[in-house]
Structures are given as C-alpha cells and as structure tokens.
Amino acid sequence: MHETVQDYYGRQLQSTSDLKTDACCDTSSVPNWLKTLLKNIHPEVLSRYYGCGLVCPPLLEGCRVLDLGSGSGRDVYALAQLVGEAGEVIGVDMTDEQLAVAEEHRQFHVEAFGYDNVRFLKGYIEKLDELDLEPESFDVIVSNCVINLSPDKQAVLKGIGRLLKPGGEFYFSDVYADRRVPEAVKNDPVLYGECLGGALYWNDFIALSKQNGFADPRLVEDRPLEVTDPALSAQVGNLRFYSATYRLFKLENLEPACEDYGQAVIYLGTIPDSPLAFILDKHHTIATGKVFSVCGNTWAMLQDTRFKAHFQFIGDFSRHFGIFEGCGTILPFEGTIQVDGQRQVADPCC
Ligand SMILES: C[S@@+](CC[C@H](N)C(=O)[O-])C[C@H]1O[C@@H](n2cnc3c(N)ncnc32)[C@H](O)[C@@H]1O
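All of these numbers come straight from a predicted model, not from anything done at the bench. Counting starts from 1 at the beginning of each chain's written sequence and moves along it residue by residue. Note on the predicted model: pLDDT of at least 70 is required for a residue's local features to be given, and 80 or more for side-chain atom pairs to be given and counted; whole-chain, interface and lining totals, by contrast, use all residues.

A. Local environment of the sheet that holds strand β9 (residues 263–267). Strand pairing is defined by DSSP finding a minimum of two bridges between the two strands. Only runs of H or I of at least four residues qualify as helices and only runs of E of at least two qualify as strands under DSSP, and these elements are numbered from the N terminus. With respect to topology, three strands assemble into an open sheet ordered β12-β9-β13, the strand pairing being antiparallel. Two strands lie at the open edges of the sheet, namely β12 (291–294) and β13 (311–314), each paired on one side alone. Going across the sheet, the axis of each strand differs from the next one's by a mean of 30°, ignoring polarity. Where β9 lies against β12, four bridges are found, and the strand directions are antiparallel. When the sheet's bridge partners are listed, valine 265 is paired in β12 with phenylalanine 292. Two residues qualify as a contact pair if the distance between their C-beta atoms, derived from the backbone, is within 7 Å. All axes are obtained by fitting lines to C-alpha atoms, using only the stretch in contact for helices, and the reported angles, taken between N-to-C directions, cover 0 to 180 degrees. Across the sheet, helix α12 (residues 296–303) lies against β9, β12 and β13, angled at about 40° from β9, the strand it touches most.

As structure tokens, this is what we get:
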C-alpha cells in the first residue's frame with residue numbers, strides 16, 4: 001500500500017483541485033485566526049494541501065510538535081507560527097515529492113516568521129522508532145488525513161504513545177466510515193488514495209485507541225463527506241464517510257468510562273484566543289468563570305496536561321458517586337428508585 005499512496009501523492013496529484021472527492025480536502029470555512037497564519041505560507045505549499053480538518057489545538061506556544069504525514073507542509077508552517085520561536089515543529093512524510101515542496105520553501109518561511117523552528121524527516125509513520133526522535137519528547141502530535149492511509153494503524157498508535165510526553169496529546173483529523181469498509185472498496189487504488197478505502201469503521205478506531213493506551217478518545221468535531229464523483233459514489237454504495245477530529249491524551253490514570261467523583265472546574269479565561277470559553281471536545285465547552293461539573297477523566301485531561309494553569313479545580317478523587325451522567329454510559333440495571341432526589345439505586349427485592 002505504501003507504493004500506491006506514494007504514487008498517488010507524489011506523481012498523480014499535483015494540487016488540491018486534482019482530488020476526486022472532498023474527503024482529503026477541508027471545505028469547511030477557514031476560521032479567521034487560521035487565515036492570518038495562512039497568509040504567511042508559500043502559495044505552492046498551500047496549493048498541495050490535502051488535509052481534511054484543522055489540527056491546531058489551543059495553547060501551543062513553546063510546544064514541541066510532530067506532524068505525521070506532513071505532506072507539503074501547510075500544517076507544519078501554520079503550527080510553527082503557533083509554537084513560536086521557543087517551540088519546534090517536525091514533519092514526517094514518506095513521499096519524496098511532497099517533502100521536496102516542503103523543504104524548498106523552508107528558507108522562505110524562516111524569513112517570513114523571523115525564526116527557524118521547522119524540520120522535515122523522511123520516514124514511515126509506522127516506524128517512528130527508526131527516526132532519531134527522543135521518546136516522550138513531544139507535547140503534541142498532529143496528523144491531517146493520513147492515518148487512514150496507513151496499512152498498520154496499530155503500529156502508528158504505538159509509536160505515538162512512545163513519543164508523547166506524559167500528559168501530551170495526539171490531536172488529529174482523519175476519515176472514518178459508518179461500518180467496516182468492504183474489501184472491494186479497500187483494494188481500489190483511487191478510493192484508497194482518496195482517503196476512503198483505508199478508513200476505519202469509527203467504532204473499531206475507538207477500540208484500537210483503547211487497546212493502545214488511549215483510554216478515552218475525545219471527538220472534537222466532525223462533518224459528513226461527499227463522494228462527488230458519480231463512478232466512485234456508485235462503488236462505495238451505502239457506505240457513509242465522515243471527517244472527524246479526535247484528541248487522544250497520554251494519561252495513565254484515565255478510566256475506561258466517565259466516573260463521577262463530584263468534581264468541578266472553573267475556566268479562568270486565560271488561554272490565548274479563548275477568552276470566553278474553552279472547548280475541550282464536542283461535548284465540553286467550558287464557559288469562563290462558571291463552575292462546570294466534570295468526570296474524573298475530564299478532570300485529568302485538564303489537570304495533568306498543559307491546560308492546568310488555566311483552571312481552578314474543585315474536589316478530588318476521594319468519594320465515588322457512580323457513573324457520570326450524560327457521558328454516554330448509563331446505569332444498566334432496571335428497577336431503580338429515587339433516593340435523596342439525585343441518585344438512583346436498585347429496587348430492593350423485599
Ligand atoms: C492526504 S495527504 C495529507 C498531507 C498533509 N497532512 C496535508 O494536510 O496536506 C497524505 C500524506 O501522508 C503521507 N503518508 C501516507 N502514508 C504514510 C506513511 N505510512 N508514512 C509516512 N507518510 C505517509 C503521504 O505521502 C502524503 O503526503
């Protein structure tokens with residue numbers, strides 16, 4: 001599969017407009033803060049953008065960031081501006097032609113930004129241990145529309161776990177299917193290259209993440225994808241594809257489910273560009289100044305990460321109140337009664 005993908009991104013595609021579906025191209029509106037960053041990026045780099053989402057989480061100043069499948073470097077050069085002079089961004093890609101475009105314009109960006117904080121490495125994202133990268137040295141790892149192209153997604157997740165610092169996160173956009181992709185779709189080189197054939201069934205992705213140490217994957221945003229080409233659309237039939245951004249924190253103490261310890265946080269409104277609210281994920285928009293109840297996992301994602309200084313924390317893990325309501329898991333037992341107006345317990349048998 002590597003050769004098929006290298007041929008597709010190295011020789012067949014010359015620019016974003018050559019794509020046959022909107023799977024590998026982010027058609028959602030570009031936010032203003034990103035427009036400002038993109039203005040400083042070389043037009044040739046921008047013209048070869050094949051991503052499917054935004055991979056710029058907040059609070060990156062001074063961070064060390066790795067971009068898996070960095071292509072011609074659009075996200076690397078955008079992130080380079082967000083991490084600033086004290087930070088560093090490294091892009092990894094296996095396709096010479098993509099790397100050549102990224103490298104060719106490195107000096108242009110050094111001059112545009114006023115500092116040199118970017119490197120590109122040739123390599124396979126399944127073999128990150130073969131690159132000279134120190135374990136547990138990255139604050140954030142990103143990837144934009146690449147994991148679906150990998151024939152060994154488990155190896156990719158393992159490598160990410162090895163390179164992230166404790167409390168670091170893998171923040172990435174990719175393509176997912178609403179069911180397991182049939183072999184005929186998987187084996188079609190165009191559908192594979194277009195980021196559809198190799199897409200994981202979303203629930204298999206959740207299971208794979210958990211198996212590889214990321215106990216609580218958080219969905220940040222998603223959108224349905226359109227297969228615009230009529231012939232390709234007929235080939236995929238009833239399959240539905242989505243572009244989705246997930247964040248996976250490397251935190252040892254995350255639990256398999258959201259557990260309620262009666263904890264809460266208050267966002268201080270101090271993260272740059274997020275004065276009114278902090279968005280952790282699709283289900284957690286935390287308004288500035290408001291006491292916001294959280295499960296133990298969300299607590300850890302805020303306290304044991306780079307976000308800690310921007311929150312006030314109320315409570316601890318000393319008392320457990322059962323499963324956290326509204327986190328997708330419910331008490332499975334029937335015959336419950338209300339006690340103390342809040343909590344439900346099983347109906348007594350006698
Ligand atoms: C859809 S493009 C996305 C490029 C870039 N992230 C962007 O947003 O423009 C996929 C990129 O991933 C690279 N790629 C795919 N599989 C890879 C692998 N197994 N190892 C390294 N790079 C890979 C390809 O060479 C290509 O540049």
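There's plenty left to go through after this.
B. Quick peek at the nonpolar core. Only buried Ala, Val, Leu, Ile, Met, Phe, Trp, Tyr and Cys residues enter a nonpolar core, and they are joined through C-beta atoms within 7 Å. To sort residues by exposure, count the other C-beta atoms lying within 10 Å of each residue's C-beta; 20 or more gives buried, 12 or fewer gives exposed, and values between give partly exposed, all with C-beta atoms placed from the backbone. By size, the foremost hydrophobic cluster in this structure holds 87 residues, and its most contacted members are Val65, Leu79, Ile141 and Val175. Domain boundaries shown here were taken from an automatic or database domain assignment. When residues of this core are assigned to domains, at least three map to each of domain 1 (2–249) and domain 2 (263–331). Excluding residues within four positions of it along the chain, isoleucine 141 makes contact with Leu66, Leu68, Ile160, Leu163, Leu164 and Phe170.

C. Fine view of the site of the ligand. Here, nearness is defined through the C-beta atom: a residue counts as near a molecule or strand if that backbone-placed atom lies within 6 Å of it. Neighbouring the ligand are 25 residues, the closest being Gly51, Gly69, Gly71, Met94 and Thr95. Going through the elements one at a time, α1 (2–12) and α4 (74–83) are the ones with two or more residues in the shell around the ligand. Three classes are used: nonpolar for Ala, Val, Leu, Ile, Met, Phe, Trp, Tyr, Cys and Pro, charged for Asp, Glu, Lys and Arg, and polar for all others, with Gly counted as polar. Of the residues that constitute the shell around the ligand, the class distribution is 12 nonpolar, nine polar and four charged.

D. Structural view of the packing of α1 against helix α5 (residues 96–104). Packing of α1 against α5 brings their axes to within 7 Å, and their N-to-C directions diverge by 45°. As far as their axial angle goes, α5 and α1 are oblique. Each of Tyr9, Gly10 and Arg11 in α1 lies in contact with α5, whose residues at this interface are Asp96, Glu97 and Gln98. Of the residues belonging to the contact of α1 with α5, the class tally is one nonpolar, two polar and three charged. Every angle not falling under 35 degrees, over 145, or within 65 to 115 is termed oblique; those three ranges are roughly parallel, roughly antiparallel and roughly perpendicular.

E. Looking closely at the pairing of strand β10 (residues 277–281). When β10 meets strand β11 (residues 284–287), the two strands line up antiparallel, connected through four bridges. Note on β11: the bridge partner recorded for isoleucine 279 is threonine 285. With antiparallel pairing between neighbouring strands as the criterion, β10 and β11 make up a hairpin whose turn holds two residues.

F. Representation of helix α7 (residues 153–163) within the structure. Among the residues of α7, those classed as buried are Lys153, Val156, Leu157, Gly159, Ile160 and Leu163. Projected down its long axis, α7 carries its buried residues within an arc of 160°, all on one side. The arc in question is formed by the directions pointing from the helix axis toward the C-beta atoms.

G. Representation of the domain arrangement of the protein within the structure. Along its sequence, the protein is carved into domain 1 (2–249) and domain 2 (263–331). Inter-centroid distance (C-alpha atoms) of domain 1 to domain 2 is 28 Å. Contacts between the two partners involve 12 residues from domain 1 and, on the opposite side, 12 residues from domain 2. Ranked by the residues each element gives to the side of domain 1 that touches domain 2, the list is headed by strand β7 (residues 218–224), at four residues. Considered class by class, the residues forming the side of domain 1 that touches domain 2 number six nonpolar, one polar and five charged.

H. Layout of α1. Listing the buried residues of α1 in full gives Val5, Tyr8 and Tyr9. On an axial view of α1, the arc spanned by its buried residues comes to 80°, and they lie on one face. Facing away from the buried surface of α1 by more than 90 degrees, the exposed residues are Glu3, Arg11 and Gln12. Of the surrounding elements, those touching the buried residues of α1 are α5 and α9 (189–193).

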